[in-house]
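# Structural characterization, general
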Amino acid sequence: AQSVTQLGSHVSVSEGALVLLRCNYSSSVPPYLFWYVQYPNQGLQLLLKYTSAATLVKGINGFEAEFKKSETSFHLTKPSAHMSDAAEYFCAVSVPGGTALIFGKGTTLSVSS
Amino acid sequence: DAGVTQSPTHLIKTRGQQVTLRCSPISGHKSVSWYQQVLGQGPQFIFQYYEKEERGRGNFPDRFSARQFPNYSSELNVNALLLGDSALYLCASSLEGDRNYGYTFGSGTRLTVV
């Protein structure tokens, strides 16, 4: 079975600091991996996705993530946090033939000035 | 182009009642998936429909059912509501129902069961 673990339910950074949100996955077959962001009272917005091409994936709003098979990780980073980045972030996995996205429990990012 | 639209945005129901949630996918998308997001948790997969056929079902009781119409819109029905059904219900549409095409989510329907 596939699963996703997001380490740290809450991450706090200062404006301008590096953002690092951690995601580890479990899958017996090559996965597709996704990062979504959710602002209060809204749905999910796709930040980026890994689909077995380049291991370093660039997304919207300056975010990027690197797929590391040896570490089964897909951590999300942004060099410089902005106040508008404060939101809930979800990592998700899907597998060949699978019809569902399997989500982690989410990480709340707080950004202080 | 309109994104994924869900209705209603909010509703309050009493335990034991039945509820129907609606979703219109992005124009041209043939697949719709439903997810339940309980407060403080990640979304949990309920159903996926593609070309009006059920493609997948998550670990939810039979009180949950869904269908997809010829225009690819979808309804999620929940019978005999429980307090634990209170959640944000998200609809996601996809071009072909395959992960290669990605999933676009709507803003959700907030269901409160009292």
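## A short note on the side chain of His-75 of chain A
Residue and element names in this part refer to chain A.
- With respect to the element layout, His-75 can be found in strand β8 (residues 73–78).
- Residue His-75 is classed as buried on the basis of its relative accessible area, which comes to 18%.
- Separated by 2.9 Å, the side chain of His-75 and the backbone nitrogen of Cys-23 make a polar contact.
- Excluding anything up to four places from it in sequence, His-75 contacts Leu-20, Leu-21, Arg-22, Cys-23, Asn-24, Trp-35, Glu-64, Ala-65 and Glu-66.

## Concerning the state of the cysteines
- Under the defined criterion, the tally for this structure stands at two disulfides over all chains.
- A sulfur-sulfur separation of 2.0 Å characterises the disulfide bridge that pairs Cys-23 of chain A with Cys-91 of chain A. In this structure, the disulfide formed by Cys-23 of chain A and Cys-91 of chain A twists by about -65° around the S-S bond and is classed as left-handed. Of this pair, Cys-23 of chain A sits in strand β3 (residues 19–26) while Cys-91 of chain A sits in strand β9 (residues 87–94), placing them 68 residues apart in sequence. With respect to burial, Cys-23 of chain A and Cys-91 of chain A carry one shared label: buried.
- Here Cys-23 of chain B is linked by a disulfide to Cys-91 of chain B, with a sulfur-sulfur distance of 1.8 Å. Judged by the sign of its S-S torsion, about -65°, the cystine formed by Cys-23 of chain B and Cys-91 of chain B is left-handed. Residue Cys-23 of chain B is located in strand β3 (residues 19–24), and its partner Cys-91 of chain B is located in strand β9 (residues 87–94); the two are separated by 68 residues in the primary sequence. Here Cys-23 of chain B and Cys-91 of chain B have matching classes, each one buried.

## Comments concerning the nonpolar core
- Core analysis: the biggest nonpolar cluster contains 26 residues, and Trp-35, Leu-48, Phe-74, Leu-76 and Tyr-89 of chain A have the highest contact counts within it.
- Counting 22 residues, the second-largest nonpolar core is a separate cluster that includes Leu-11, Ile-46, Tyr-49 and Ala-66 of chain B.

## Things to note about the interface of chain A and chain B
- Contacts between chain A and chain B engage 20 residues on the former and 21 residues on the latter.
- Interface of chain A and chain B: buried area, both sides summed, is about 1,700 Å²; carbon and sulfur atoms make up 51% of it.
- In this structure, the connection of chain A to chain B is made through zero salt bridges.
- Counting across the chain A and chain B interface gives three residue pairs in polar contact (both at pLDDT 80 or more).
- Secondary-structure elements contributing two or more residues to the side of chain A that touches chain B are β4 (32–38), β5 (44–50) and β9 of chain A.

The rules behind each value
The residue numbers shown here count from 1 along each chain, following its written sequence. Going through the entries in the order they are written, you letter the chains from A and number the ligands from 1. Only residues with pLDDT of at least 70 are given local features in this predicted model, and only at 80 or more are side-chain atom pairs given and counted; all residues enter the totals for whole chains, interfaces and linings. To get the side-chain values, all heavy atoms of the structure are used, and hydrogens and water are removed first. Helix and strand assignments come from DSSP, with helices taken as H or I runs of at least 4 residues and strands as E runs of at least 2, each series counted from the N terminus. Type-normalised accessible area, obtained with a 1.4 Å probe on protein chains alone, sets the label of each residue: buried when under 20%, exposed when over 50%, and partly exposed for intermediate values. Polar contacts here mean pairs of N or O atoms no more than 3.5 Å apart (in protein, one a potential hydrogen donor and the other a potential acceptor; neighbouring residues in sequence count only if both atoms are side-chain atoms). Whether two residues touch is decided by their heavy atoms; if any such pair falls within 4.5 Å, the residues are in contact. For this text, the term disulfide refers to a pair of cysteine sulfurs within 2.5 Å. Throughout, nonpolar core names a set of buried Ala, Val, Leu, Ile, Met, Phe, Trp, Tyr and Cys residues whose side chains join them through atoms within 4.5 Å. The term buried area refers to how much accessible surface (probe radius 1.4 Å) is lost by two components on association, counted for both of them together. Salt bridges are defined as contacts in which a side-chain nitrogen from Lys or Arg sits within 4 Å of a carboxyl oxygen from Asp or Glu.

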